[in-house]
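Structural overview
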Amino acid sequence: MKLGRVAKIVAGVVVVGAVAAYGILASIDIESYRGTIIQAAEDATGRKVAIKGPMKLKISFSPAVVVEGVEISNPTWAKSPQLAQIGRAEAEIALIPALSGDYQISRLVIHDTTVNLERRKDGSATWDLAPKADPTAMTGPAMTAKPAEPSAPAPKIAIRGIDIKNTKLNLADAMTGQTLAVEVKTLTAEAKNFSDPLKIDLDMVYNGLPIGAKGSLGPVDALLSNAPASVNLAVTVPGVDASAQGKVGRPQDAKEIALKIAVDAKSYDRLAETFAADLKTLPPLAIKGDLATRGETGYRFENGELKLAGHTIFFNATADTGGKKPTFAFDAGADFIDLPKLMDAATGGKTAEQPAAKPAQPAKGDGRVFPNDPLPLEALRAANGEVKVGTGLLTLPGNVKMHDVQLRATLKDGLFAFNETFGFGGGEAKTEITLDGRNGDVAGLNVLLDTEGVNLGTIAAEMNMTQMASGGPTDTEVKLASRGRSVRELMAAMTGNVRFDAGRAEIDNAQLRQAIGPWAMSGLTMVDSGFTTRQKTV
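To keep things clear, this report deals only with the structure shown in the data block.

Rules of the game
Residues numbered from 1 in each chain as written. Predicted model: local features only at pLDDT ≥ 70, side-chain atom pairs only at ≥ 80, totals over all residues. Heavy atoms only, no water. Helix = DSSP H or I, 4+ residues; strand = E, 2+ residues; numbered from the N terminus. Buried < 20%, exposed > 50% of the residue type's maximum accessible area, 1.4 Å probe, protein only. Core = buried A, V, L, I, M, F, W, Y, C linked by side-chain atoms within 4.5 Å. Contact = heavy atoms within 4.5 Å. Salt bridge = Lys/Arg side-chain N within 4 Å of Asp/Glu carboxyl O. Pairing = 2+ DSSP bridges.

Another point: the environment of D404. Here D404 is to be found in strand β19 (residues 400–412). Judged by its relative accessible area of 57%, D404 is exposed. Taking the C-alpha atoms as reference, D404 lies 9.8 Å from E428; in sequence the two are 24 residues apart.

Spelled out as structure tokens, the structure:
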């Protein structure tokens with residue numbers, strides 16, 4: 001027999017079967033099952049169930065069951081009498097696959113629905129459903145049930161289309177004090193078939209905050225089987241736009257991620273109204289990069305770009321919670337970093353006033369300046385990581401300039417090391433600090449500060465205060481070491497050498513006071529009281 005004839009016979013059988021199924025469905029009066037359906041729902045939930053609207057069976061090659069006016073009661077203690085009020089629920093089933101036990105819900109519709117969730121302080125909640133016991137079940141120690149018959153495999157059920165409109169979820173949780181009000185105005189998620197991506201369109205309100213989302217996920221088969229799926233989503237809230245594009249290898253586990261992420265935040269006013277008022281002070285920013293997973297426990301963000309307060313900062317970051325200790329790494333670079341400008345943006349333009357000079361206040365407790373609290377050395381031993389930052393120009397408060405800055409900080413099994421090199425005042429400088437907390441509760445501290453060829457006049461010129469100082473080539477070397485269990489012990493045990501070589505310089509004391517502020521000036525006054533009375537120091 002030829003294959004073409006076989007195909008025709010098979011197709012004919014399928015069509016005959018479909019027509020027969022169509023005829024059977026057309027003869028069903030679903031209203032006659034109303035009592036049975038209500039009883040089954042009450043047995044499954046342990047709650048009173050009512051169907052106040054019509055029940056219909058829409059006949060086609062994708063038949064649909066339609067139910068309207070469904071109510072599921074809450075416990076008597078709840079403030080809302082109804083757990084759920086469903087205006088319209090509809091399930092459209094693909095007929096041909098259903099003949100072989102493959103139940104594909106072409107479209108699930110939920111319209112005009114309200115769900116009320118409540119939880120009391122004792123932990124009891126309206127969503128704790130208690131199915132009614134089967135009165136025919138054999139119970140008691142004297143009764144022995146027959147071995148259960150092997151059950152047939154559960155039918156495959158898959159949904160490839162969702163249509164939700166005017167649906168609300170309310171939560172009142174007395175245990176946590178949390179309240180939640182979610183309104184889904186529209187949510188459509190549809191695919192032509194299970195091998196196509198799911199197209200998503202969402203318009204909702206979360207505690208007064210409008211949220212929109214559009215894009216696609218899939219294909220549907222991949223989402224259901226935890227196989228590689230594509231992602232193309234855009235999410236918007238007032239003032240903030242975000243997007244994600246790429247692939248997820250295991251979507252149900254959120255693993256094997258490879259996504260391009262972008263966030264553009266122009267305003268946080270509406271977010272602040274919903275979550276926290278302090279969000280209003282955050283600066284506008286834009287960030288983008290490549291987000292990916294590393295194994296089962298690691299994440300990396302590469303090719304990152306942050307635009308903030310007129311800066312463009314490039315960065316890479318990794319983190320891994322696997323292994324004996326969490327690990328992290330961060331590497332950033334920028335052509336310039338204006339620290340006062342970034343600080344001003346971070347505080348919403350509210351710059352703190354410079355405090356007036358006053359003596360250092362003693363620590364609370366015993367009247368001493370430095371606290372005797374144990375150093376948090378366990379925190380140093382909790383993780384391993386590295387941070388590197390580089391910039392061509394770093395501007396500090398007071399318009400102090402540092403050039404070609406390279407900063408590196410590492411943490412390894414309790415040993416913290418900080419290294420920095422930079423150009424300063426026409427010369428070179430480096431800083432090295434180590435805090436060794438690897439053993440017990442005693443830490444070792446070493447500090448090195450080395451400058452060469454730093455010129456006070458050059459520093460003054462970069463600060464736009466050319467009259468403050470002239471001349472003053474300076475070399476400095478500071479070496480300090482200590483050991484202790486607290487800041488007080490470290491300061492008390494500090495030993496080392498300080499070398500300060502300076503050439504001839506002329507300093508205008510009044511401008512110096514203005515440049516370095518009252519705190520630093522009070523320290524100079526302790527060394528030389530003439531700083532407050534002389535016009536110039538040579």
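On to the nonpolar core. Generally speaking, nonpolar side chains in soluble globular proteins are found buried as a group. Grouped together as the largest cluster of nonpolar side chains are 26 residues, with contacts concentrated most on I51, V237 and L271. Of all the elements in the fold, those that place two or more residues in this core are β1 (49–51), β3 (64–73), β4 (82–93), β7 (161–173), β8 (179–190), β9 (198–206) and β10 (209–218). Non-local contacts of V237, meaning those with residues more than four positions away in its chain, are made with L209, P210, I211 and L271. One finds L306, L394, M402 and A429 within the second-largest nonpolar core, a separate group that totals 14 residues.

Turning to the side chain of E305, a few remarks are in order. Residue placement: E305 occurs in strand β15 (residues 298–308). The exposure class of E305 is buried, given its relative accessible area of 17%. Each residue touching E305, except ones within four places of it in the same chain, is listed here: A286, I287, K288, T312, I313, F314 and F315.

Further remarks concern the pattern of salt bridges. Inspection of the entire model under this criterion finds 24 salt bridges. Here K48 ties to E42 by a salt bridge, and the two come within 3.9 Å at their closest N and O atoms. Under the relative-accessibility criterion, E42 is labelled buried at 10%. The residue E90 makes a salt bridge to K58 at a minimum N-O spacing of 3.3 Å. Remark: K58 occurs in strand β2 (residues 55–58) and E90 occurs in strand β4; sequence separation between them is 32 residues. Under the relative-accessibility criterion, E90 is labelled buried at 3%. Classification of K58 as partly exposed rests on a relative accessible area of 39%. If you follow the salt bridges from partner to partner, you end up with K58, E68, R88, E90, R107 and D163 in one network.

Attention shifts here to the pairing of strand β12 (residues 240–250). Relative to β12, strand β11 (residues 229–237) is paired through nine bridges, and the arrangement is antiparallel. Along β12, the bridge assignment pairs L233 with A244. Counted between consecutive antiparallel strands, the loop separating β11 from β12 contains two residues, among which G239 sits at a positive phi close to 95°. Bridge count for β12 against strand β13 (residues 255–265) is ten bridges, and the pairing is antiparallel. Looking at the pairing, A242 lines up with V263 of β13. Counting the residues in the hairpin turn of β12 and β13 gives four residues, including A254, whose phi is positive at 55°.

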